[in-house]
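Descriptive structure summary
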Amino acid sequence: MPDPSAVDAAVAVFADLREEGRELDSLVGELTGPDWGRATPAPGWTVAHQIAHLHWTDRASLLSLTDATGFGHMVEEALKAPDTFVDEGAREGAELAPAELLARWRATRAALDEALAAASPDTRFPWYGPPMKAASMASARLMETWAHGQDVADALGVHRTSTVRLRHVARIGVRARDYAYAVRGLPAPAEQFRVELTAPDGPQVWAYGPPDAPQRITGPALDFCLLVTQRAHRADLGLIATGPDADRWLDIAQAFAGPAGAGREPGAGREPGAGREPGAGREPGAAR
């Protein structure tokens, strides 16, 4: 019998994913045709590319949950062009009329929501990396929806209010620490770090890792989520690293699967002068 607390946690993340999708939908739902062609901070990607990518990955998640054979075919196609299949999927969707792309994304989101709710909570479903349970898949979808939604918001000049849904993004970012090293061919530190993030809704702190760990990251949860999704450069963020290994992690952190991301340049997509001084967020004398 499934653990009731695990089931409750899954239901909560499913609801958060729905809300994250609705928030992004509210940004793009009334856009005119030219606005869909606005450039976003991701080089070569317009607003349409961002939504097309989310539709593509939502569709992949839906196939994983409901049609393992169909998902296997999708993986086979990706393996034929491992370096370009993500861009190709986004480009194909971006070529659709905006109304058609929006309708497809909405329909796939709704179908994915139903499939997640119907999935066995203990079953692991296939993915491009290790198989995932439905709750983990929903967390990953929320992370991507939030991150690509940030690109859309930046393109439209919209300030989004941070919510406690960021806890899912932050948790993935912490858990993916060793992956960020591995994908770069680097050895991960043996000891755990302490990560303490100020929640967006007040004085609450989201804490991860041993309380007495000497290597530490502290700062706003929003900034940490922007960093690990590589939506901002650390020089523009208020994160503090204590210890050389923790400092190094802030340079390479990524919450998403796949090759090491190129990240963003300092100040990219932000008003002139909004960035922090080079070296901000480091303790005096911290090693690179």
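None of the values given here were measured: they were computed from a predicted structure.

The subject of this paragraph is the pairing of strand 3 (residues 194–198). As judged from the five bridges shared by strand 3 and strand 5 (residues 216–220), these two strands associate in the parallel manner. By the bridge assignment for strand 5, E196 is matched with T218. Relative to strand 4 (residues 205–208), strand 3 runs antiparallel, the two being bridged by four bridges. Paired with V195 across the bridge in strand 4 is Y208. Where strand 3 folds back onto strand 4 in an antiparallel hairpin, the turn is made up of six residues, including G202, whose phi is positive at roughly 145 degrees.

Below, the discussion takes up the packing of aromatic side chains. Within this structure, the stated rule accounts for eight aromatic pairs. Geometrically, the ring pair formed by W56 and Y128 is stacked, given 6.2 Å between the ring centres and 25 degrees between the ring planes. Of this pair, W56 sits in helix 3 (residues 47–66) while Y128 sits in the loop between strand 1 (124–125) and strand 2 (132–133); the two residues are 72 residues apart in sequence, bridging distant segments of the chain. Of the residues examined, W56 reaches a relative accessible area of 13% and is grouped as buried.

On to unusual backbone geometry. The backbone of Q230 sits at a positive phi, close to 55 degrees, despite the residue not being glycine. By the element assignment, Q230 lies in the loop between helix 10 (221–228) and strand 6 (240–242).

Look at helix 3 against helix 5 (residues 85–94): their axes get within 7 Å of each other, and the N-to-C directions meet at 110 degrees. Of the possible angle classes, the one that applies to helix 3 and helix 5 is roughly perpendicular. When the axes of helix 3 and helix 5 are compared, the crossing they make is right-handed. Facing helix 3, whose interface residues are A48, H49, A52, H53 and W56, helix 5 presents F85, V86, G89, A90, R91, G93 and A94.

What follows deals with the confidence of the model for the protein. Looking at the protein, pLDDT values average 90 and 91% of them are 70 or higher. Confidence drops under a pLDDT of 50 for residues 269–288, and excluding neighbours within four residues, the segment shows 31 contacts in the predicted structure.

The mixed open sheet is built from four strands, whose spatial order is 4-3-5-6. A strand with exactly one partner marks an edge of an open sheet, and here the two such strands are strand 4 and strand 6. Across the sheet, the mean angle from the axis of one strand to that of its neighbour is 10 degrees, orientation sign disregarded. Helix-sheet contacts for helix 10 involve strand 3, strand 4 and strand 5, and the interaxial angle to strand 5 is about 110 degrees.

What counts, and at which threshold
- Residues numbered from 1 in each chain as written.
- Predicted model: local features only at pLDDT ≥ 70, side-chain atom pairs only at ≥ 80, totals over all residues.
- Heavy atoms only, no water.
- Pairing = 2+ DSSP bridges.
- Helix = DSSP H or I, 4+ residues; strand = E, 2+ residues; numbered from the N terminus.
- Phe/Tyr/Trp six-rings, centres within 6.5 Å; stacked < 30°, edge-to-face > 60°.
- Buried < 20%, exposed > 50% of the residue type's maximum accessible area, 1.4 Å probe, protein only.
- Axes fitted to C-alpha atoms, helices over the stretch in contact; angles between N-to-C directions.
- Parallel < 35°, antiparallel > 145°, perpendicular 65-115°, else oblique.
- Left-handed = near helix turned anticlockwise from the far one by under 90°.
- Contact = heavy atoms within 4.5 Å.
- pLDDT = per-residue confidence, 0-100.

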